[in-house]
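One letter stands for each residue in the lines below.
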Amino acid sequence: MMKQFLDVTQQLTKLTNNLWETNKKVQKAIMPPRVVHWKTPLLLSIFLGLLTVAAVTDLATRTLLFDMSWLFFILSMGLLTSQQPFVIKGVSLSPWVTSILIGLWLLIRLPSDRKEIAWISGPIIAVVVLAIIRVWKSDSKRESIRELMRPQFLMITLIHVTFSCWFAFHFLIQGWIEQYPSVLSQNLRQSDYVVTFQQPTINRSRGVVILNAMERYLQNEARTKPWPQVEQMLIDIDNERFFLKNQALTTIRVVPEDASWDVKTSIVQGQSRYQLEMQANWLGLVFRPEIYSFTKSCEVVDIGNRATVTCDAIKRSQPGQKKNGTARESQV
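Definitions and cut-offs
- Residues numbered from 1 in each chain as written.
- Predicted model: local features only at pLDDT ≥ 70, side-chain atom pairs only at ≥ 80, totals over all residues.
- Heavy atoms only, no water.
- Helix = DSSP H or I, 4+ residues; strand = E, 2+ residues; numbered from the N terminus.
- Buried < 20%, exposed > 50% of the residue type's maximum accessible area, 1.4 Å probe, protein only.
- Contact = heavy atoms within 4.5 Å.
- Areas by Shrake-Rupley, 256 points an atom, 1.4 Å probe, with all protein chains shown as cover.
- Pairing = 2+ DSSP bridges.
- Expected span 1.5 Å × (residues − 1).
- Bend = angle between axes of the 7 residues up to and from the residue.
- Salt bridge = Lys/Arg side-chain N within 4 Å of Asp/Glu carboxyl O.
- Axes fitted to C-alpha atoms, helices over the stretch in contact; angles between N-to-C directions.
- Left-handed = near helix turned anticlockwise from the far one by under 90°.
- Nonpolar A, V, L, I, M, F, W, Y, C, P; charged D, E, K, R; others polar.
- Disulfide = S-S within 2.5 Å.

Examining the overall build of the protein
Summing up its helical and strand segments, the protein has 10 helices and eight strands in all. Residues classed as buried in the protein amount to 32% of the 332 residues present. Residue pairs at least 24 apart in sequence account for 50% of intrachain contacts in the protein once pairs closer than 6 positions are excluded. Per element, the accessible surface of the protein, about 22,200 Å² overall, is 62% carbon and sulfur.

If you want it as structure tokens, here you go:
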């Protein structure tokens, strides 16, 4: 019995010593050797991160703790990457690592319609951090100014500003495309500014999208309503008491380009059938004075007190046809 007790005591003593040694190794690895060290803000970041998760408080305080935790983490990684082995041929990776981490924080914190700021400001942030490092390492104020005026630093600044401008131009083009999606229907492969990997298709034109939405609305009305109601709707369209374009636009996402499309409808009445022609004309700016319009013809027939809608393929005005001439049409 005494021998078993001694064995257990020795095992516990050995386990305690191992835990103590492990604790000392962990403390040596975590604790900063001096106050100004990259581990100091890292510990503060971990502490604030634990408070963010564990603290029971309001959302505003949690957000503040998260932002402060991320700020100290950025500072820690910036100090870490400013020394070996993150210095390659005398160039520290700290400015670019810092700018990437700040960009990630901006992507999280900015609203969805402002996230491009993170990309545009990234290269500028990297240059600012690089300038701060140069000034910090210089021996005097005059020497720091000379460091920032050297051709090498000016060249680096211009390169980063160029990247920032290209990001801004990219998001500007994307905004134009979202507001004027018909741009994608043109052949952009010869452009020096817009890169596209898709073939141009007429289906991207907003005029085609509007006409297709009008056809779908008409088809849905024919499926869900009896012939007298559909016929009355066609009569109201002919008398301009009912605007098919306005109803169709409620079923798709509205963009500013829609205001530049003039959609006209004409109806020819027959015996138990109506011929509906829809034409979308572009009223916006064009590079050349030529017609840019689309036409869709539909036939609405009464079969057993139900409406049946049959539409032809969309036809586009002949490319290159002048506005003062007669436009031939080609099927697309």
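Thoughts on the pairing of strand E3 (residues 261-269)
Where E3 and strand E4 (residues 273-282) come together, nine bridges link them in antiparallel fashion. Its bridge partner being in E4, Ser266 is matched across the sheet by Glu277.

Observations concerning helix H5 (residues 116-137)
Compared with an ideal rise of 1.5 Å per residue, which puts 22 residues at 32 Å, H5 spans 33 Å between its outermost C-alpha atoms and is within 8% of the ideal. At Gly122, H5 shows its maximal kink, close to 40 degrees; a proline, Pro123, follows between one and four residues later. Where H5 is concerned, the buried positions are Ala118, Ser121, Gly122, Pro123, Ile125, Ala126, Val127, Val129, Leu130, Ala131 and Ile133.

A short note on the pattern of salt bridges
Any two side chains of opposite charge can pair, so long as their charged atoms come close to each other. A complete count under the given rule lists seven salt bridges for this structure. Salt-bridge contacts for Asp236 lead to Arg241; the nearest nitrogen and oxygen are separated by 2.7 Å. With its nearest N and O atoms 4.0 Å apart, the salt bridge here joins Asp262 to Lys264. Assessed through its relative accessible area of 26%, Asp262 is described here as partly exposed.

Re unusual backbone geometry
Note the cis peptide between Gln84 and Pro85, where omega equals 5 degrees. Of note, the phi angle at Glu240 is positive, near 60 degrees, even though the residue is not glycine. Its location among the elements puts Glu240 in the loop between helix H9 (227-238) and helix H10 (244-249). Residue Glu240 is classed as exposed on the basis of its relative accessible area, which comes to 57%. We note that Asn305 has phi near 65 degrees; this positive angle belongs to a residue other than glycine. Secondary-structure assignment places Asn305 in the loop between strand E5 (293-303) and strand E6 (306-311). For Asn305, a relative accessible area of 43% puts it in the partly exposed group.

A short note on the packing of helix H4 (residues 94-109) against H5
It is at 8 Å that the axes of H4 and H5 come closest, and there the two elements cross at 140 degrees. Of the two elements, H4 crosses H5, and the hand of that crossing is right-handed. Between H4 and H5, the residues in contact are Ser94, Pro95, Trp96, Thr98, Ser99, Ile102, Gly103, Leu106 and Leu107 and Ala118, Trp119, Ser121, Gly122, Ile125, Ala126, Val129, Leu130 and Ile133, respectively. Across the contact of H4 with H5, the residue classes tally to 12 nonpolar, six polar and no charged.

Some points on the state of the cysteines
Under the counting rule described, the total for this entry stands at one disulfide. Covalent S-S linkage joins Cys298 and Cys311, the inter-sulfur distance amounting to 2.0 Å. What sets the handedness of the Cys298 and Cys311 disulfide is the S-S torsion sign, and at about 105 degrees it is right-handed. With Cys298 in strand E5 and Cys311 in strand E6, the pair connects residues that are 13 residues apart, well separated along the chain. We note that Cys298, like Cys311, is buried.

Remember, this is a structural readout, not a statement about activity or role.
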